[in-house]
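Residues per chain are reported as follows:
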Amino acid sequence: MLLNYTYLFSAPAAFQPFMKAFFVLLLLVGLSFGAQAQMKDRHSERPGPPEFFSAQAEEVTRLMSDQLHLNEAQIIQMRAINKIKLCRADEIQWQYQDNLAERNAHLAELETQFESECSRILTPSQLSLLRDDKQLDAAPVPVNTTEGGLG
């Protein structure tokens, strides 16, 4: 005797399109969770979240735009190279954290690449403003030792 189980799995004809749509929806949800898990795994080895670098690059670009009076095309290009510079600098800091000399050499090379990209994007007057600003940032601020003392 052969048992017929088809009556257990059959549904009225009115519900069949809904069931097909429900199964397709379940399939798509399952696939999206799998894809999302793979994306998280891809970024797991990076030292910081990519959103952090985007926000930081946006802030740096905004400051540069205010100081250098960048036009819209320059802002877009500078935002991209600022993000690359920040990501790469963080990667260098993380990768060469035990070797100070090699880390400084790679950071200097990165700064040279950044300056060459800036020279391609910015006008000569903007470049001189940028270099002047970098020199002011690099120079130490003299401290008045007579203030706040007991004498």
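See the structure printed just above.
Each chain has its residues counted from 1, running along the sequence as written. Reporting in this predicted model follows two pLDDT cut-offs: at least 70 for local features of residues, and 80 or more for side-chain atom pairs to be given and counted; totals over whole chains, interfaces and linings ignore these cut-offs and use all residues. The basis for every side-chain value is the complete set of non-hydrogen atoms in the structure, without hydrogens or water.

Novice: I'd love a proper account of the pattern of salt bridges, names of residues and values included.
Specialist: By salt bridge we mean one thing: a side-chain nitrogen of Lys or Arg within 4 Å of a carboxyl oxygen of Asp or Glu. Across all of its chains, the model carries six salt bridges by this definition. Ionic pairing is found between Glu58 and Arg62, a salt bridge with its closest N-O pair at 4.0 Å. Residue Glu58 and its partner Arg62 are located together in helix H3 (residues 50–68), separated by four residues, close to a single helical turn. The rule is simple: take the accessible area with a 1.4 Å probe, protein chains only, and divide by the maximum for that residue type; under 20% is buried, over 50% is exposed, in between is partly exposed. The class for Glu58 is partly exposed, based on a relative accessible area of 28%. Several salt bridges share partner residues, and in doing so they unite Glu58, Glu59, Arg62 and Arg79 into one network. Elements are defined by DSSP. Helices are runs of H or I of four residues or more, strands are runs of E of two residues or more, and each kind is numbered from the N terminus.

Novice: Requested: an account of the environment of Ala55, with residues and values cited.
Specialist: When you line up the elements, Ala55 lands in helix H3. We classify Ala55 as partly exposed; its relative accessible area is 47%. Sequence-wise, Ala55 and Lys83 are 28 residues apart; in three dimensions their C-alpha atoms are separated by 8.8 Å.

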